[in-house]
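Residue-level structure breakdown
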Amino acid sequence: MAGLAYADENVISVFTNNEISEVNKKVFGSNILGDEPSRTKPSLRHTYAHIDYGTGIWNPRKNEYVDTVVNLAKEAGLSIFRFATLNHNDWKKSIGNNREHFLFGLDEFLKTVHDIGAEPFITISYFTGNEQDAADLVEYLNVESDGKHFWADKRAENGHPEPYGVKYFELGNEVWIGDHRKIKEVRPEEYGERYLSYQKAMKKVDNSIQVGLMLKHPYNESWDGRILGVVGSNVDFIVKHIYPTHDMGFWSSWKRLEMKEMFQVVLGSPSVFTEKYLLETLRLIKDKTGRDDIYFAVNEFNGWFVQNEPVPYRHSLGNALVIAELLKIFMKPSNKVLMANNWHFLNSYWGSIKSEDNFMTHDYQRPIKYIKRPNYYVYELYNKHFGDILVKTDVKSDSYDLRNYKPYMKALLNTIKSDANNKNSLLAKARAMIKKERPENNMHLDTLVPYLSVNASKSREGDKLYLMVINKNMDETVESFIKLVDFNPLQKADVWILNGPSPDATNENKKDNVRIIHKEFDINDTNFIFTFEPHSLTVIECKRRIVFN
């Protein structure tokens, strides 16, 4: 009874028959690198690793994808892949025979993605080519070969007679920072005008496609408003990149926080700030376009840890929990996320898996072994142990307050000074929150972060119920009283727990340091108690009891 009394302070109620929406499987996307790096004087080896090997998913010597990598993508349930060719690649160099380089080109990418069972997404170069080149690309991808369309016929010559039917494109990648070579910046009006001309030329070839408009991350009312003022309602969807530690000025303060404090702050940021930024951007879009049916493609997201000492936090358990929290936010219909592509899938700096051998020198007579990093396991859990329909939850949980982390609050104040004159913006609300003032528009920005974050779903048949639970407490277990409404479970449930010895644990030097553990536990009723481990992601799968009359 004492345990029940304690657990009642932390209560998860799952309303099985209160359906929110279908689970949007397009949020389980990633990026494959096939770009010519835009930095000044990139190493040739680095360049060829991207454009010839796709950072390890393509074997140019055998002209085939690497089976093991493709199978890992399937195991993770990756549903959409962005071909990250960024801002300099000329797509016409990446097709046809007798290529010296760009061996992981357009057709190779599309074949790989097709065999994974995912959908392709193409980035149009902003600093190379023009509108006609973009229109030619659409013809190459989507038009029937009939002897009258040069680029469609060229595709057939290259071995793919049928159109690929690519639906999603975007213009450029973070163009506001220039091309890292000669162009220092791009004005938002220039980008907006070019977007309209590219969109028109591309849709003239295939009107069914959609072209994404890139807005600044996380949110910049001046830049975004000026672009939207140019394009008006002529927007197919909005492209956003989300990196919580970067977006809220966190990176300048992390060294002044203890490791566990740092992860505590970063895990709180998505619910306090990231989700609010999406809603704030939707407000701006509605104001500038008059439309409320425009969705986001979050084509890059991660934790934005850009260091290697003491460990690469971008490959840590703590970062994986951040990704899990972001996926929960992206699934909510009110946030209007069309798709989300993690940055990124394989090798290079951010990859969710890495090869143990050098993929550029390996002979492939024996398979390359791969290390699954913690980020990867989040997708594997969602793919194997989550349902088809989101259901409503109510969570009562002990909380922590972001205002208690003073170095972060100081950095955040410095970040928002630039928006000081906009009293209705989210940053103004954040400033008022930090200074404990009342925002002028009376909207409260809550800095309390519940330790338990819950995402629940059920199978389409209704015979299984799933709880995906993050415990953001870095030190202590959280015992919770779980109430299943309108669901009578079997007496045994399955549990999968992603965890490691600490939030900064990685698999870089110890392969299974962070891993998934499976176990069963007994349920005696529709209400039961479960104890969530510190810094963990837990899936509870309950099967419905069938009662015969």
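You'll find the structure just up there.
Our subject in this report is the structure included herewith. Note that this is a predicted model, so its numbers are computed, not measured. Position numbers for residues count from 1 along each chain, tracking the sequence in the order it is written. The model is predicted, so local features are restricted to residues of pLDDT at least 70 and side-chain atom pairs to those at 80 or more, both for listing and for counting; the totals for chains, interfaces and linings are taken over all residues. Calculation of side-chain values draws on the structure's entire complement of heavy atoms; hydrogens and water are dropped beforehand.

1. Section: the overall build of the protein chain
Think of it this way: any DSSP run of H or I at least four residues long counts as a helix, any run of E at least two long counts as a strand, and we number them from the N terminus. A count of helical and extended segments in the protein chain gives 14 helices and 23 strands. The rule is simple: take the accessible area with a 1.4 Å probe, protein chains only, and divide by the maximum for that residue type; under 20% is buried, over 50% is exposed, in between is partly exposed. In the protein chain, which comprises 549 residues, the share counted as buried stands at 59%. In this analysis, two residues are considered to be in contact whenever any of their non-hydrogen atoms come within 4.5 Å of each other. When contacts within the protein chain are restricted to residue pairs at least 6 apart in sequence, long-range pairs at least 24 apart make up 76% of them. Accessible surface is estimated by sampling points in the Shrake-Rupley manner with a 1.4 Å probe; for residues, cover comes only from the protein chains shown. Counting only carbon and sulfur atoms, one obtains 46% of the accessible surface of the protein chain, whose full area is about 23000 Å².

2. So, the packing of helix α7 (residues 188–205) against helix α8 (residues 221–231)
Taken N-terminus to C-terminus, the directions of α7 and α8 make an angle of 35°; their axes are 8 Å apart at the nearest point. Classified by chirality, the crossing of α8 by α7 is right-handed. Here P188, E189, Y191, G192, E193, Y195 and L196 of α7 lie close against α8, whose contacting residues are W223, R226, I227, V230 and V231. Structural elements are reduced to axes, namely lines fitted to C-alpha atoms, with helices fitted over the stretch in contact, and the angle between N-to-C directions of any two is expressed from 0 to 180 degrees. In this scheme, a crossing is called left-handed if the near helix is turned counterclockwise away from the far one by less than a right angle; it is called right-handed if the turn is clockwise.

3. Some details on unusual backbone geometry
In this chain, E309 is followed by P310 through a cis amide linkage whose omega measures 0°. Tracing the backbone shows P310 in the loop between β10 (296–301) and α11 (317–331). Here W343 and H344 are connected by a cis peptide whose omega angle stands at -15°. Position of H344 relative to the elements: it lies in the loop between β11 (337–342) and β12 (353–355). A positive phi angle, close to 60°, is found at N98, a residue other than glycine.

4. Let's talk about the packing of aromatic side chains
Two aromatic rings, drawn from Phe, Tyr or Trp (for Trp, its six-membered ring), form a pair once their centres lie within 6.5 Å of each other, and the interplanar angle then sorts them: stacked below 30 degrees, edge-to-face above 60, tilted otherwise. Here the structure, examined in full by the defined rule, presents 30 aromatic pairs. Their ring planes at 40° and their centres at 6.1 Å tell us that W58 and F104 sit as a pair that is tilted. Placement of the pair is W58 in strand β3 (residues 58–59) and F104 in the loop between β5 (80–84) and α4 (106–116), with a sequence separation of 46 residues. The class of W58 is buried, set by a relative accessible area of 2%.

5. Quick notes on the nonpolar core
By size, the foremost hydrophobic cluster in this structure holds 155 residues, and its most contacted members are F81, L106, F169, L213, F301, L327 and F330. No other element matches helix α10 (residues 259–289), which puts 12 residues into this core. Residues within four places of L327 in sequence aside, it is in contact with V27, F28, F301, V378, Y379 and Y382. Of all hydrophobic cores here, the second largest spans 6 residues; its members include L33, L86, Y243 and W343. For the purposes of this section, nonpolar cores are sets of buried Ala, Val, Leu, Ile, Met, Phe, Trp, Tyr and Cys residues that join through side-chain atoms within 4.5 Å.

6. Things to note about the pairing of strand β19 (residues 478–485)
Relative to β19, strand β1 (residues 11–22) runs parallel, the two being bridged by 5 bridges. Note that in β19 the partner of S13 across the bridge is K483. Two strands are said to pair when DSSP picks up at least two bridges between them. When β19 meets strand β22 (residues 527–532), the two strands line up antiparallel, connected through 6 bridges. The residue bridging F481 from the neighbouring strand is I529, located in β22.

7. Examining the sheet that holds strand β6 (residues 119–124)
Read around the barrel, 8 strands follow the order β2-β5-β6-β7-β8-β9-β10-β11 and close on themselves; strand pairing throughout is parallel. Sheet twist, expressed as the mean angle between neighbouring strand axes with direction ignored, is 30°. Sheet topology places strand β8 (residues 210–214) next to strand β9 (residues 237–242); 3 bridges connect them, and they run parallel. Directly across from L213, in β9, lies its bridge partner I238. Sheet strands touched by α7: β6, β7 (168–171) and β8. Its angle to β8, the strand with the most contacts, is close to 175°.

8. Some words on the sheet that holds strand β21 (residues 515–522)
If you trace the 9 strands from one edge of the open sheet to the other, you get β21-β20-β23-β18-β17-β14-β1-β19-β22, paired in mixed fashion. Strands with a single pairing partner mark the edges of an open sheet, and in this sheet they are β21 and β22. Each neighbouring strand pair of the sheet contributes to a mean axis angle of 25°, computed without reference to strand direction. Here 8 bridges tie β1 to strand β14 (residues 389–396), and the two strands are oriented antiparallel to one another. Within the sheet, the bridge partner assigned to S21 lies in β14 and is L390. On the sheet, α11 packs against β14, β17 (452–458), β18 (464–471), β20 (492–499) and β23 (536–543) and is oriented at approximately 55° with respect to β17. Across the sheet, helix α12 (residues 374–384) touches β17, β18, β20, β21 and β23, and the angle it forms with β20 is around 160°.

9. Digging into the environment of T538
Locating T538 in the fold gives a position in strand β23. As a C-alpha pair, T538 and L498 span 40 residues in sequence and 6.3 Å in three-dimensional space. Sequence-distant contacts of T538, defined by excluding residues within four places in its chain, comprise L467, M468, V469, V495, W496, I497, F530 and F532.

10. Structural notes on the pattern of salt bridges
Side chains bearing opposite charge may pair, as long as their charged atoms lie close to each other. The working definition used for a salt bridge is a side-chain nitrogen of Lys or Arg within 4 Å of a carboxyl oxygen of Asp or Glu. What the rule picks out here adds up to 34 salt bridges. Of the charged contacts, one joins K458 and E19 as a salt bridge, the two residues approaching to 2.9 Å between their closest N and O atoms. Note that K458 is positioned in strand β17 and E19 in strand β1, a separation of 439 residues in sequence. Since its relative accessible area comes to 8%, K458 is described here as buried. Residue K464 is joined to E541 by a salt bridge in which the shortest nitrogen-to-oxygen separation is 3.9 Å. Taken together, the residues K464 in strand β18 and E541 in strand β23 connect sequence positions 77 residues apart. Here E541 falls in the buried class, since its relative accessible area comes to 6%. A single network of salt bridges, built from pairs that share partners, joins E75, K372, E380 and K384.

11. Observations concerning the pairing of β7
By the alternation rule, side chains of β7 split into Y168 and E170 and F169 and L171, which are all buried. Pairing between β6 and β7: 4 bridges, direction parallel. For F121, the partnering residue across the bridge sits in β7 and is Y168. In this structure, β7 lies alongside β8, joined through 3 bridges in parallel fashion. By the bridge assignment, Y168 is partnered in β8 with Q210.

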